[in-house]
Structure formats: C-alpha cells, structure tokens
Amino acid sequence: MEFPIFKTKIKGLKKKFNLNDPKERREYFNLKAGKEIKKLRDFLKKGNTFIAYLLGKKNSGKGTYAKMFAEIVWSEKIEHFSIGDMVREIDKEIEDKKRQKELIEFLKKYYRGRLSLKEIISSLKNRSTKELLPTDLILALIKREISKKEKKALFIDGFPRDLDQINFSLFFRDLIDYREDPDIFVLINVPESVIDERIKWRRICPLCQTSRNLKLLPTSKIGYDKKTGEFYLICDNPRCQGARMVKKEGDELGIRPIKKRLKMEERLIKEAISLYGIPKIFLRNSVPQKLAKKYIDDYEITPEYYYEIKDGKIEIKERPWIILDDQGRKSYSLLPPPVVVSLIKQFTKVLNL
Ligand SMILES: [Zn+2]
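Definitions and cut-offs
Residues numbered from 1 in each chain as written. Predicted model: local features only at pLDDT ≥ 70, side-chain atom pairs only at ≥ 80, totals over all residues. Heavy atoms only, no water. Core = buried A, V, L, I, M, F, W, Y, C linked by side-chain atoms within 4.5 Å. Buried < 20%, exposed > 50% of the residue type's maximum accessible area, 1.4 Å probe, protein only. Contact = heavy atoms within 4.5 Å. Donors = N, O, S within 2.8 Å, 3.2 Å for Na, K, Ca; no water. Tetrahedral: all angles 85-135°; square planar, octahedral: opposite > 155°, others 65-115°. Helix = DSSP H or I, 4+ residues; strand = E, 2+ residues; numbered from the N terminus. Pairing = 2+ DSSP bridges. Axes fitted to C-alpha atoms, helices over the stretch in contact; angles between N-to-C directions.

Trainee: I keep staring at the nonpolar core and nothing clicks. Help me out?
Mentor: Here is a general trend for soluble globular proteins: nonpolar side chains tend to be buried in one another's company. By size, the foremost hydrophobic cluster in this structure holds 53 residues, and its most contacted members are F29, F50, F69, F155, V186, I344 and F347. In this structure F29 touches G34, I37, M68, I72, P337, V340, V341 and I344, once residues within four positions along its chain are discounted. Grouped together as the second largest cluster of nonpolar side chains are 40 residues, V87, I166, L275 and I278 included.

Trainee: How do you make sense of the coordination of the zinc ion when you look at a structure like this?
Mentor: The reference angle at a metal is 109.5 degrees if four donors form a tetrahedron and 90 or 180 degrees if six donors form an octahedron. Coordination of the zinc ion by the protein is provided by C205 (SG), C208 (SG), C235 (SG) and C240 (SG), with metal-donor distances spanning 2.2 to 2.3 Å. One can describe the donor arrangement at the zinc ion as tetrahedral, given that its four donor atoms subtend angles of 106 to 115 degrees at the metal. One chain supplies every donor for the zinc ion, spaced along it as C-x2-C-x26-C-x4-C. Placement of the pair is C205 in the loop between strand 5 (202–204) and strand 6 (211–213) and C240 in the loop between strand 8 (230–234) and helix 10 (259–273), with a sequence separation of 35 residues. When sorted by exposure, C205 lands in the same class as C240, which is buried.

Trainee: For this particular structure, what's the right way to read the sheet that holds strand 4 (residues 183–189)?
Mentor: Picture the strands of a sheet paired through backbone hydrogen bonds; they go either parallel or antiparallel. Read from one edge of the open sheet, five strands run 2-3-1-4-9, paired in parallel fashion. Pairing within the sheet leaves two strands with one partner each, and these edge strands are strand 2 (78–82) and strand 9 (280–284). Averaged over all neighbouring strand pairs, the angle between strand axes comes to 20 degrees, with direction disregarded. With four bridges connecting them, strand 1 (residues 51–55) and strand 3 (residues 153–157) associate as parallel partners. Bridge pairing links L54 to D157 in strand 3. Strands in contact with helix 10 are strand 1, strand 4 and strand 9; relative to strand 4, the strand with the most contacts, it is inclined by about 135 degrees.

Below is the structure:
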C-alpha cells in the first residue's frame, strides 16, 4: 500500500521555520497554504460543514492532524469527534444514577438493534476496555452526542472501526442529519516502525496524564536519574510542580501486542480505498530519504532528541531521525504541520473550492 508523496517544498522559498513554535507555525501555514486556508474559511463562513472520517492505524496521529487542521482553519467551526472519548464519557455516565437515567430515556426512544435495554446497560457496565460495543449502539450514541451540539464540521475518529462498520459510514451523514454535507475519507499512512517508537518512548505525567515522547517530543525540562543512569522528562504543566513523567507498563513492547489490530486496520484502509462515490484524501507520514530533497524542506522532518551532561548540566540535542518504512526504505518521518498542509490542500480540491 503506497500513498503518493505530497510536495510541500516551494521553489525559491528559503525561509526556515521552527514548527514547534505556535507563532512561527502560523506563519508557515500562511506561506505554504494561505490561499487554501482562506477558501476553507469562506466555505465554513457560509454555514457549510463536512464529515471527514479519519482512517489510520492506532497511534498514527489522527487526533493530532485533525486538531491542528481545526486550530489553523477555524477551531470554533470544526470539531474532532473521538469515539473513544465518547465511550469513556458514557462509562462515567453509567456510574452516575441521575445521568444514567437520561441515557436510558434516550436509548428507549432511539436505539434499534439486537440488545435489550438491560443487556445494553450490563454490557456497558461490565465491558472490558478491549471489547467493542455493538455498531448499532455506537451509532445511536454518536447521534445523541452530535444532536446535543451546534452543527459543526466534523472529523470522526474511531468510526468506522472494522469492516462491518465501513458500510454504515456510507450512510452515516443521513443518520445524523448532515445529508447535504460532503463526506470524505481521510486515509493516513504511517510506517509501523514510527508507531513502534512512538509507543516505546512514550512518557506520561502521572498527575495530568499529558503524553510526550522522550525521543521524539520532549518537554522543556529534562531530569537525570543517577541510580538508573536514565534521562527522564519533567512535566511542563506548572500545576504538576516538576512531576517526573513515567513509562506505562507494556509500552516497552512497542507494537508487538497490537500487531493483530494493526493488520485489521490496514485491511480497513484498503477497503476504504476501494470504495466508489466517496472522495478520499491521502496523508503520508514518511518520505524516502532519497526523495526528500525534491519534496520537502529539512525543517519539516521529525528530529530525534538525545541528551548529554556537560559541566553538570543536561543538554537537549537533536539529530535527523531515520527509520525504515514498510517497504524497508530508509526514510524520514514528517512533523505534523507538513502533513496538515497536504490535508488542507487536498481538502480544498475535494470540496471543489
Ligand atoms: Zn503533568
């Protein structure tokens, strides 16, 4: 499965940007996709919306791309709708007697499917996190969530989740009363080696749950543990008062425990590509090293961070991060902004703006 490489390099444009800096990032987007951003804003200003389904493997950056797109284009008019977050919220609702009653009232009215109300409640209550909720229930719950809010352009994250759900996605906009709005598949391709490293080096703040990466996305302060000889991240959130970020159990295994799921997600993407009648956007995270010069600028590449102690002080250092893509080629992984530039440009094309 090979996605086209998107060219974000503009001939003659020499300026470099620090893409981690919000101000410079804005300037970068204006230079590389200003015209398209304006077109999208005009489209939204007229009261139009869209539904975009994010399809990519676990940890492929779906949420990151959608949120950055919204931040750059118009955050009040665009929502990243995560099915995972919705289900977690419903878990809380089930525990609260009063809120549970509202949920039951809704389901009585709108749920159609094979489960009795009693079965639904008990499956919500006793569900292990790995178990999926039945599609008919998920659909009813999404409808409820969306009807509660004002109408916005949506990035749906986590649906369709399997081959059975893909057919539902084709009629989904009817179900949530978005019938006239364009719908789009946004397909994301990230090498498994990138996903593997993202998991292995992931660190979480035990207090605020913020997630960073020791190798790819460090915090501004780094600590050193003399006992273990390891460097660690220190949470940037002032409320956490210098909390040491930690590894989650099992993360050191990388993608090994989720291989089966990744395979299934790959089949899902292939299936989506083969469908007619629904426009598709192709997002690609990696660029073969050999082609990089032609397509991208150096500052658009994800660096690898490492640490050294000099005169008792910890220094954060940077070097190019080279990975093997799924075809075994030495490649670079792109930072989110260039991928979002390609998302913005393909979006205007698909919407005929
Ligand atoms: Zn924190």
